[in-house]
Amino acid sequence: LLVVNLVCMAVQVGVSVAPFFCFQNHLSELYCSGEYNGSSWCDKDFRISYGYIQSKYWGVGLFKYWQLKQLPNFLLAAPLFLVVGVVMVTWCRSAISSSNKAVFSRNILLDLSSIINFQLAGYIHLVLLTLLGLVAMHVQVVTRFLVLTAPFFLCTVFS
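Residues numbered from 1 in each chain as written. Predicted model: local features only at pLDDT ≥ 70, side-chain atom pairs only at ≥ 80, totals over all residues. Heavy atoms only, no water.

Peer 1: How should I be thinking about helix α5 (residues 139-149) in this particular structure?
Peer 2: Side chains that are three or four residues apart share a direction in an α-helix, a result of its 3.6 residues per turn. For α5, the set of buried residues is V139, V142 and L146. In a view along the axis of α5, the buried residues occupy a sector of 15°, so they form one face of it. Turned more than 90 degrees from where α5 packs its buried face, R144 and L148 sit exposed. (Buried < 20%, exposed > 50% of the residue type's maximum accessible area, 1.4 Å probe, protein only. Helix = DSSP H or I, 4+ residues; strand = E, 2+ residues; numbered from the N terminus. Arc of directions from axis to C-beta.)

Right, here's the structure in full:
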């Protein structure tokens, strides 16, 4: 049963990532041969155009956006970063204070540790996305990015 599950998972992952690699191969054939062969990403053995495009045309990279002229944009995003911090502190306090209790839901006794582990994954996701947004993205898109991709952020804010 374990082998069948692993094979199914491998097939699902393969089906999910195949279009990405097919498109990267198409871009490589289109832009790394003939008259277009001048891009630095064409010189690499493992050609992924995304990082090159982000860096060259949009100036995205690790701490590349941390410039004094971008300070107003960071100030506009500061409330979101503050809310993420409050969300994390609130969840940590509630998880610690209720770590030895049980939760009743629809007359079924649920083990709180499984709920905390599920929530922990969501909050780790939120923290990692926030850090990614802070150090490697344009800060103007961080607000949209975090609000749309971190469900635990919305659940906590609206609860």
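Peer 1: Sorry if this is basic, but what is going on with the state of the cysteines here?
Peer 2: Linking two cysteines covalently via their sulfur atoms produces the bond known as a disulfide. Inspection of every chain in the model, using the stated rule, returns one disulfide. A sulfur-sulfur distance of 2.0 Å marks the disulfide that ties C32 to C42. Its S-S torsion of approximately -80° makes the covalent link between C32 and C42 left-handed. Linking C32 in the loop between α1 (2-31) and α2 (49-58) with C42 in the loop between α1 and α2, this pair joins segments that are ten residues apart in sequence. A residue is classified by how much of its surface remains accessible, and C32, at 11% relative accessible area, is buried. What makes C42 buried here is its relative accessible area of 5%. (Disulfide = S-S within 2.5 Å.)

By themselves, these observations are geometric and do not establish any function.
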